[in-house]
Amino acid sequence: MLRSLGQRAVTGGDEDQRVAELRTAVSRLRRELAAHPAEFPERVIAEDELAALAAMAAHGVPEAPRLRRSLLVIAGAIGSVSALARGLSDVRAAVELFGGRPRR
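The rules behind each value
Residues numbered from 1 in each chain as written. Predicted model: local features only at pLDDT ≥ 70, side-chain atom pairs only at ≥ 80, totals over all residues. Heavy atoms only, no water. Helix = DSSP H or I, 4+ residues; strand = E, 2+ residues; numbered from the N terminus. Buried < 20%, exposed > 50% of the residue type's maximum accessible area, 1.4 Å probe, protein only. Polar contact = N/O pair within 3.5 Å; in protein donor to acceptor, adjacent residues only side chain to side chain. Contact = heavy atoms within 4.5 Å. Axes fitted to C-alpha atoms, helices over the stretch in contact; angles between N-to-C directions. Parallel < 35°, antiparallel > 145°, perpendicular 65-115°, else oblique. Left-handed = near helix turned anticlockwise from the far one by under 90°. Nonpolar A, V, L, I, M, F, W, Y, C, P; charged D, E, K, R; others polar. Salt bridge = Lys/Arg side-chain N within 4 Å of Asp/Glu carboxyl O.

**Some words on the side chain of arginine 43**
Point 1. Of note, arginine 43 is situated in helix α2 (residues 43-58).
Point 2. Residue arginine 43 is classed as buried on the basis of its relative accessible area, which comes to 6%.
Point 3. Of note is the side chain of arginine 43, whose polar atom sits 3.0 Å from the backbone oxygen of histidine 36.
Point 4. The residues contacting arginine 43, other than those within four sequence positions of it, are Leu33, Ala34, His36 and Ala38.

**Remarks on the side chain of glutamate 49**
Point 1. Assignment of secondary structure puts glutamate 49 in helix α2.
Point 2. For glutamate 49, a relative accessible area of 9% translates into the label buried.
Point 3. Leaving out residues up to four positions away in the same chain, glutamate 49 has contacts with Arg66, Arg69, Ser70, Val73 and Ile74.

**A look at the packing of helix α1 (residues 17-35) against helix α4 (residues 85-96)**
Point 1. Running from N to C, α1 and α4 cross one another at 160°; their axes reach a closest spacing of 9 Å. Between α1 and α4, the angle is such that the two are roughly antiparallel. The interaxial crossing formed by α1 with α4 has left-handed handedness. Across from Glu21, Leu22, Ala25, Val26, Arg28, Leu29 and Glu32 in α1, the residues of α4 making contact are Gly87, Leu88, Asp90, Val91, Ala94 and Val95.

**Things to note about the packing of helix α3 (residues 64-78) against α4**
Point 1. α4 packs onto α3 with a crossing angle of 165° between their chain directions and a minimal axis gap of 10 Å. In terms of axis orientation, α3 runs roughly antiparallel to α4. In the crossing of α3 with α4, the sense of the turn from one axis to the other is left-handed. In this structure, α3 uses Leu67, Arg68, Leu71, Ile74 and Ala75 to contact α4, whose residues at the interface are Leu88, Val91, Arg92 and Val95.
Point 2. A breakdown of the residues in the contact of α3 with α4 according to their chemical character gives seven nonpolar, no polar and two charged.

**A look at the pattern of salt bridges**
Close approach of charged atoms lets side chains of opposite charge pair.
Point 1. Throughout the structure, instances matching the rule amount to seven salt bridges.
Point 2. In this structure, the salt-bridge partner of arginine 28 is aspartate 90, at a minimum N-O distance of 3.2 Å. Taken together, the residues arginine 28 in helix α1 and aspartate 90 in helix α4 connect sequence positions 62 residues apart.
Point 3. The partly exposed category is assigned to arginine 28, whose relative accessible area is 25%.
Point 4. Two residues, glutamate 49 and arginine 69, come together in a salt bridge whose shortest N-O distance is 3.4 Å. Pair noted here: glutamate 49 is in helix α2 and arginine 69 is in helix α3, with a separation of 20 residues, a long-range link.

Scope: geometric values only; no functional claims are made or implied.
Okay, structure coming up:
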């Protein structure tokens, strides 16, 4: 089922929809990164951190601080690869479902 970020699927299960959104966004960005032809120095870092996010989403509700840290690592690793900007934005929006930005 295709849906935009923020829409909820009717599953009838007890799955946390935030986790489902995160899993979908991470999966999409992983596919986009794998298909991206250009090599860049921190590509492996981005791939590893996306794998870590996928693992967190597969094992229950992840902790918001850990999600934000992973998001920062991924954003830093991807840098200015504009072809991946939308996928990164979707991951960011999914991470924000877990509490948004920390208060200062």
